[in-house]
Amino acid sequence: MPHAKINGIDLYYEISGREDGPPILFSNSLASTLHMWDPQMPAFRKHYKVIRYDSRGHGKSSAPDGAYSIETLVDDAIGLLDHLGIDKTDFCGLSKGGMVGQRLATLHPDRVERLVLCDTACYMGPPELWEGRIDTAAVDGMEGVVDATIMRWFTEPFQKRDPDAVDKVREMILNTPVAGFVGCCRAIQAMDQRETIQAIAAPTLVVVGADDPGTTPDAAREIQKRIEGARLEILPEAAHLANIEQPKLFDEAVLGFLGKG
């Protein structure tokens with residue numbers, strides 16, 4: 001399984017799809033792995049050279065102690081692209097992955113062809129919200145945060161309709177190293193991209209679940225308002241992991257925007 005030594009850590013990644021296709025880089029949410037994108041793979045592999053990776057602190061990547069920053073997570077993504085010899089890519093990130101995408105397109109506009117920001121925000125205050133989650137994980141482990149996370153990430157009807165999908169995500173959360181969870185919580189806690197994202201020039205699509213209680217449709221509208229020309233797609237009957245709750249609608253919206261629909 002491929003690991004790359006990047007930015008002082010081992011970063012795990014997988015490549016699939018068309019070897020001769022244009023690249024697309026997928027970035028995962030807090031407390032998940034690259035497998036959160038499994039529902040998208042059948043559709044995207046037809047068109048793309050698909051690159052997925054486990055964010056620092058998650059999955060099979062290293063989970064160093066201490067606070068991370070969004071800029072550090074961007075450096076990891078750029079390091080992976082450099083390692084793979086990819087100059088420019090389409091980018092799709094959800095939640096934390098979308099926060100990385102915003103900063104990536106701001107700091108490295110020459111590396112992003114088109115940008116898809118899913119169920120994310122440009123600011124996630126107040127800081128006290130994150131202190132509570134960090135304290136709970138430090139005391140009780142990921143078992144202490146998993147139930148509340150599942151309730152935010154999926155609507156109740158979906159939890160009843162597809163418990164297997166929910167259980168897969170539950171396992172991702174439980175297997176996330178506490179150090180990685182806390183490190184990334186600190187990155188989100190310190191993030192404020194409300195002004196800086198106005199510099200993004202890449203064509204941008206913002207996608208959000210209509211029932212997302214964390215990174216709400218209003219948070220998506222704020223991003224759309226601040227990035228010139230950005231489009232907004234609100235998916236019905238979906239909470240935070242809209243790509244899992246509504247994979248067909250998600251794929252249609254994103255591939256249509258990318259010109260692959």
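Residues numbered from 1 in each chain as written. Predicted model: local features only at pLDDT ≥ 70, side-chain atom pairs only at ≥ 80, totals over all residues. Heavy atoms only, no water.

Caption draft 1: Main features of the nonpolar core. Core analysis: the largest hydrophobic core is formed by 87 residues, its most contacted members being F44, V116, F154 and F181. For this core, the element with the most residues is helix 2 (residues 70–84), which contributes seven residues. Non-local contacts of F154, meaning those with residues more than four positions away in its chain, are made with Q159, V166, V169, A239, L241, I244 and E245. (Core = buried A, V, L, I, M, F, W, Y, C linked by side-chain atoms within 4.5 Å. Buried < 20%, exposed > 50% of the residue type's maximum accessible area, 1.4 Å probe, protein only. Helix = DSSP H or I, 4+ residues; strand = E, 2+ residues; numbered from the N terminus. Contact = heavy atoms within 4.5 Å.)

Caption draft 2: A look at the sheet that holds strand 3 (residues 23–27). Strand order in the open sheet formed by eight strands is 1-2-4-3-5-6-7-8, and the pairing between neighbours is mixed. Every interior strand has two partners, whereas the edge strands, strand 1 (3–6) and strand 8 (231–235), have only one. With strand direction ignored, the average angle separating the axes of adjacent strands in the sheet is 25 degrees. Note: strand 6 (residues 112–118) against strand 7 (residues 204–209), four bridges, orientation parallel. Directly across from L117, in strand 7, lies its bridge partner V206. (Pairing = 2+ DSSP bridges. Axes fitted to C-alpha atoms, helices over the stretch in contact; angles between N-to-C directions.)

Caption draft 3: Local environment of the packing of helix 4 (residues 127–140) against helix 8 (residues 178–189). Look at helix 4 against helix 8: their axes get within 10 Å of each other, and the N-to-C directions meet at 175 degrees. One way to sum up the angle between helix 4 and helix 8 is to call them roughly antiparallel. Across the interface between the two elements, P127, W130, E131, R133, I134, A137 and A138 from helix 4 touch V178, F181, V182, C185, R186, I188 and Q189 from helix 8. Its residues placed into classes, the contact of helix 4 with helix 8 shows ten nonpolar, one polar and three charged. (Parallel < 35°, antiparallel > 145°, perpendicular 65-115°, else oblique. Nonpolar A, V, L, I, M, F, W, Y, C, P; charged D, E, K, R; others polar.)

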